[in-house]
Structure formats: structure tokens, C-alpha cells
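Spelled out, the chains give:
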Amino acid sequence: MYIDSEFTFILFRVESNLYLGLDAIMYHLPFAVSLTKTSDLLKTIEKEFSLSSIEVTRAEKLLKSGLPPLVRAEIISYLFGISYSLLLSMSRFPEHYYRRYSIPKTKQGQRQIEAPRRFLKLIQRWIYDHILSTIPISSSVHGFVPKRDIFTNAKVHLDSKNIMVMDIKNFFPSIKRKHVIQVYKELGFPTRVALRLSSLCTLDERLPQGAPTSPALANIIFSPTDIELINIAKEWECKYTRYADDLIFSGDKIFTKEDTLRITEIINQTGLEVNIDKSRIIGSGARQIVTGLIVNNKGLPPRKKRMIWRATFHQALLNPEKYREDGLRLMGISSFVNQYNPDLSNKYKQIAQKVIDIASNT
């Protein structure tokens, strides 16, 4: 899974630049009906769809919960000002609205990415903003949560004597559509609406790795297991965090194989699988790396990586023309460095901007 390292952070920064333009314009377009004036919205929808009294009551309840009044699937397309037939097409034949491609993994092999095409992505972002983002997530979860990242995750485990890291195999693709349907039903949406929303967020009956809704849905669906693992951590008198598919326990406790088997059994009960090859127990005498950061060294990236970056930026300063294709990547690295060394980040940003300026002027 493309997570658990500084390159996640870099990717987000680069994407934010790449998707300016048409995508940003579409994202800020007003919808057919505003969601800000709830009373006007309810009246408009009630009149447009001739809602029954039961549907009106349900819509009012959803609005009071801070959710859009989707008591019929057709209201989704109405809010976007698109035909219901287009919405049906996206939900019934999602394979036509995704791009599939591979990227190299950090160590070996290829990672499959399923990126939604522009308009489906816009709808998924709306679903995240107006529905999924309203659901509270445990403070122990740091992946894909606003104002939390690999640094806040690693900070919890700084200077711990012992660490146990468990990795979940194929996290997003292992979460099935039936679990997504249940999320929307538990929020109060009618079954038909829950089915439509779930189909807009899944591909091949599972979460796609590349949709903006997948991380939030995974966090929500895994929440009951997080609570169970938090309680185990309390029993062990240690700390617990999760960053996407990485489960981290730390403290004075000497972790054993029996502990890993206990956690593995809990994960298996959810229908997920532990990646044994990536799971490990690390004592205080070894270099303890959590989500790409060394937690027994102030939560910094590995020294080798920092030295590579230093050399790269030095060469880019001396010969910016040579790095003209790497401007956005360099800017992403500088944004990452800002999390632990703002002064160095500013120097890197100046070099990255110089490279970008040269590339844009030629």
C-alpha cells in the first residue's frame, strides 16, 4: 500500500499542484442547490420530489446530524445538477470511470493504482466532505486524518523501550462493499441510498486504492477493531497507534510471538490478514523505525535518506537545468522537511522554486 513513509506526504503535496486548474475549478463549482441554507434546501427537495411525510422526517433528521438529506438516490444527482442516468452509469459500471495503472513499490514489485476519473472523483470528494468527514475518528488513528500525519504518529512512540509493528496486507482492497453499505445505513440513509453511495465509492465490490473516499471509509470500518486494540494496549500498559495499515504498540513491555499471534487473530476475525513479512518486534538497542521515522532519534527520517536529499539539493543548486523534470518532487521533499526542520526546508524550497522557474521558462 502506498503509505507509511514520507513519500505519502510528498505525493499529496505534488498532487495538490498537479490538480489545480480544471479539477480545482470543478471542485468549487456551486451545486444546483446550496447545502448551507438547510431550511430552503429541504423545502426545495420536498417540492421537487414530492417527498412523503416519512421522507421529510428522515431528511430533517439527517440535516440535524449535519448530513445531506439524501432520502432518495435521485437527490444525489439533483444536488450536482446531472442526470440520474449518468449517476446510475457511474455506480453500475464503475470500471468505465477509473484509470488503472502500476507504480513501482519502494523495495520491489508493482503497486496497482485505481484512480477515479475527474467527475467521479469530484463526487467522491463531495461524499467525503459532506458525509465521511463528519464521523469522528479515534485519536489513536493518524493516517488520513486532518491535522495528523506520520510525525504525530511517530511522536507517540518516541524513546520507547520496545516496539511491535503489525502490517495489514492489502488493506483497502480487502475491505468489501458490504461493509461500506453498512456505514451509510448506520448514518441513517435509506437502504437504496446506501447502496448507491457505496457503489460510487467501490470498484469490483471493494475499496479502490486511489479513490479519495477509501482512506476515510477504511478508518471508519476499522474503528471497532481500533477500540479493541486500544483496550489491549491498556492491558499491556503501552501505547497504540494506527497509520492506515500499520499497527504500532510501544512501551516497556517485552513483546513476544504470543502477542503477535493474539493481534493476528483479532485482525483475522475482521476478514483482514496480517502481513507477517512486514511485521516486526524492535528492542531499544536497535533502530526503531515507525512510519518511516526513527523514533529513538527524535522522530527523524533515516540519516542515509537525509544525506541523499542534502546531496540532491546541493547538485540542483549547482546545476538546476539537470533537475528541470524534478521540480515538483523537490518541492514535495522540501514540504516534508518542513515538518522537522523549517530553516532547512526554506533553503530547499528556494532551490526547488529555482528549478521550477527554469523549467517553466524553457
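Data block above holds the structure.
First things first, this report covers the structure right here in the doc. The written sequence of each chain sets the order in which its residues are numbered from 1. Side-chain atom pairs in this predicted model are given and counted only at pLDDT of 80 or more, local residue features only at pLDDT of at least 70, and totals for whole chains, interfaces and linings cover all residues. Derived side-chain values reflect all non-hydrogen atoms in the structure, with water molecules and hydrogen atoms excluded from consideration.

1. A few points about the overall build of the protein
Helices and strands together make up the secondary structure of the protein, namely 15 helices and nine strands. Relative to its 362 residues, the protein shows a buried fraction of 48%. Taking all contacts inside the protein whose residues are at least 6 apart in sequence as the whole, residues at least 24 apart take part in 67%. Only DSSP runs of H or I with at least four residues qualify as helices, and only runs of E with at least two residues qualify as strands; both kinds are numbered from the N terminus onward. Each residue's exposure class comes from its accessible area (1.4 Å probe, protein chains only) as a fraction of the maximum for that residue type: buried when under 20%, exposed when over 50%, partly exposed otherwise. Residue contacts follow a heavy-atom distance rule, with two residues in contact if any of their heavy atoms lie within 4.5 Å.

2. Brief notes about the packing of aromatic side chains
Stacked, tilted and edge-to-face are the three classes applied to pairs of Phe, Tyr and Trp rings, where Trp contributes its six-membered ring and a pair requires centres within 6.5 Å; stacked means planes under 30 degrees apart, edge-to-face means over 60, and tilted covers the rest. In the structure shown here, the tally under the stated rule is 16 aromatic pairs. Relative to Phe119, the ring of Phe80 has its centre 6.4 Å away and its plane inclined at 65°; by these criteria the two rings are edge-to-face. With Phe80 in helix 5 (residues 74-80) and Phe119 in helix 7 (residues 118-130), this residue pair connects regions lying 39 residues apart in the sequence. Given the relative accessible area of 11%, Phe80 is considered buried. Where Phe151 meets Phe336, the ring centres are 5.2 Å apart and the plane angle is 40°; that geometry is what we call tilted. Here Phe151 is found in helix 8 (residues 150-156), whereas its partner Phe336 is found in helix 14 (residues 327-337), with 185 residues between them in sequence.

3. Re the pairing of strand 4 (residues 239-243)
Residues in a regular strand point their side chains to alternate faces of the sheet. With four of its five residues buried, strand 4 lies for the most part within the structure. In this scheme, strands are said to pair when DSSP sees at least two bridges between them. As paired strands, strand 4 and strand 5 (residues 246-251) are joined by five bridges and run antiparallel to one another. Its bridge partner being in strand 5, Lys239 is matched across the sheet by Ser250.

4. A short note on helix 11 (residues 214-236)
Between its first and last C-alpha, helix 11 extends 31 Å over 23 residues, near the 33 Å set by a 1.5 Å rise per residue. Bend at a residue means the angle formed by two fitted axes: the first through the 7 residues ending at that position, the second through the 7 residues beginning there. By the largest-angle criterion, Ser223 marks the main kink of helix 11, which is about 50°, and a proline, Pro224, follows within four residues. Directly after helix 11, the chain includes Glu237, whose backbone phi takes a positive value near 60°. One less than the residue count of a helix, multiplied by 1.5 Å, gives the span that helix is expected to have.

5. Focus on the nonpolar core
Counting 67 residues, the largest nonpolar core has Leu70, Ile127, Tyr184, Leu247, Phe249 and Ile263 as the members making the most contacts within it. The greatest single-element share of this core, amounting to 10 residues, is contributed by helix 11. In contact with Ile263, not counting residues within four places along its chain, are Met164, Met166, Leu229, Ile232, Trp236, Leu247 and Phe249. Within the second largest apolar cluster, 24 residues are counted, among which are Ile150, Ala154, Ala316 and Leu330. Put simply, buried Ala, Val, Leu, Ile, Met, Phe, Trp, Tyr and Cys residues joined by side-chain atoms within 4.5 Å make one nonpolar core.

6. Remarks on the pattern of salt bridges
By convention in these notes, a salt bridge is any Lys or Arg side-chain nitrogen within 4 Å of a carboxyl oxygen on Asp or Glu. As enumerated under the stated definition, the model contains 13 salt bridges in all. Residue Asp204 pairs with Arg206 through a salt bridge whose shortest N-O separation is 3.7 Å. Taking relative accessible area as the criterion, Asp204 reaches 44% and is therefore assigned partly exposed. The partner of Arg242 in a salt bridge is Asp226, and the shortest N-O contact between them spans 2.9 Å.

7. What about the packing of helix 9 (residues 177-186) against helix 10 (residues 191-201)?
Interhelical geometry of helix 9 versus helix 10 gives an angle of 130° and a closest axis separation of 8 Å. Between helix 9 and helix 10, the interaxial angle falls into the category oblique. By crossing handedness, the relation of helix 9 to helix 10 is classed as right-handed. Listed contacts from helix 10 to Arg177, Val180, Ile181, Tyr184 and Lys185 of helix 9 are Thr191, Ala194, Leu195, Leu197, Ser198, Ser199 and Cys201. Here the term charged refers only to Asp, Glu, Lys and Arg, the term nonpolar to Ala, Val, Leu, Ile, Met, Phe, Trp, Tyr, Cys and Pro, and the term polar to all other amino acids, Gly among them. In terms of residue class, the contact of helix 9 with helix 10 is built from seven nonpolar, three polar and two charged. Fitting a line to C-alpha atoms yields each axis, with helices limited to the stretch in contact; the angle taken between N-to-C directions then spans 0 to 180 degrees. An angle below 35 degrees is read as roughly parallel, one above 145 as roughly antiparallel, one from 65 to 115 as roughly perpendicular, and any other as oblique. Handedness of a crossing is defined here by the sense of rotation of the near helix relative to the far one, left-handed for an anticlockwise turn of less than a right angle and right-handed for a clockwise turn.

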